[in-house]
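Overview (structure and organization)
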Amino acid sequence: MKVGLEKLESHKGVAVRALLDSGVTGLFMDTTFAKEKGFKMERMRKPLMVKNVDETINVGGAIMHQVECNMFFKGHVERVRMDVCNLGKTEVILGMPWLATHNPEIDWEKGEVKMTRCPPICGKKKPEEKREVKRVEKDEDEEVLRKLVPKKFWKWRKVFRKRKSERMLV
Ligand SMILES: [Zn+2]
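Residues numbered from 1 in each chain as written. Predicted model: local features only at pLDDT ≥ 70, side-chain atom pairs only at ≥ 80, totals over all residues.

**As for the overall build of the chain**
- From N to C terminus, the chain includes 3 helices and 11 strands.
- When the helices and strands of the chain are placed in sequence order, the string is β-β-β-β-α-β-β-β-β-α-β-β-α-β.
- Buried positions account for 28% of the 170 residues belonging to the chain.
- For the chain, the share of sequence-separated contacts (at least 6 apart) that also reach a separation of at least 24 residues comes to 68%. (Helix = DSSP H or I, 4+ residues; strand = E, 2+ residues; numbered from the N terminus. Buried ≥ 20, exposed ≤ 12 C-beta atoms within 10 Å, placed from the backbone. Contact = placed C-beta atoms within 7 Å.)

What follows is the structure in structure tokens.
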């Protein structure tokens with residue numbers, strides 16, 4: 001079971017094994033994968049500093065680029081922007097913002113993902129719309145994070161959090 005990514009310029013599709021990870025707050029694409037597959041990398045106006053994407057995948061330094069593409073998954077189509085960083089062997093991570101937006105039915109035991117609760121926007125291609133990936137969502141870790149992370153880093157704090165996550169390769 002794979003996710004399809006379509007390049008916007010060439011409309012060429014690439015199959016990718018995506019990792020669903022509720023402990024990660026973003027959408028990420030591996031740098032090497034992006035280069036090998038020839039995804040167009042857009043330089044971000046403000047680099048995103050990242051220490052850890054989560055406890056197991058270590059990302060050092062800054063995220064400088066994003067990739068915008070269409071993502072296909074079980075009849076579902078959407079325009080996504082992914083932060084490009086070094087994910088090791090993982091090609092793509094779909095984190096909490098994506099999971100929250102599409103709220104898929106996940107059977108963690110069987111490894112099944114059903115896209116049954118998507119918002120109306122899914123399934124319709126919106127060619128020129130630039131949707132920023134929502135990075136911030138409310139959660140109970142908020143207060144703890146505010147205490148742990150120095151104020152000047154607050155903008156980035158969401159990637160620092162540590163909590164039990166559920167993850168699955170789709
Ligand atoms: Zn959806």
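**Focus on the environment of Met-44**
- For Met-44, the position within the fold is in strand β5 (residues 41-49).
- Taking C-alpha positions, Met-44 is 9.9 Å from Val-67, a pair spaced 23 residues apart along the chain.
- Beyond its immediate sequence surroundings of up to four residues, Met-44 is in contact with Met-64, His-65 and Gln-66.

**Quick notes on the nonpolar core**
- Of all hydrophobic cores here, the largest spans 29 residues; its most connected members are Phe-28, Met-29, Val-92 and Ile-93.
- For this core, the elements supplying multiple residues, two or more each, are β1 (3-7), β3 (18-21), β4 (27-30), α1 (31-36), β6 (62-73), β7 (76-85), β8 (92-94) and α2 (96-102). (Core = buried A, V, L, I, M, F, W, Y, C linked by C-beta atoms within 7 Å.)

**Brief notes about unusual backbone geometry**
- Its identity as a non-glycine residue notwithstanding, His-11 has a phi of 60°, on the positive side.
- Even without being glycine, Asn-103 reaches a positive phi, approximately 45°.
- Tracing the backbone through its elements, the reader meets Asn-103 in the loop between α2 and β9 (105-107).
- On the basis of neighbour counts, which here come to 13 C-beta atoms within 10 Å, the residue Asn-103 falls in the partly exposed class.

By themselves these figures say nothing about function.
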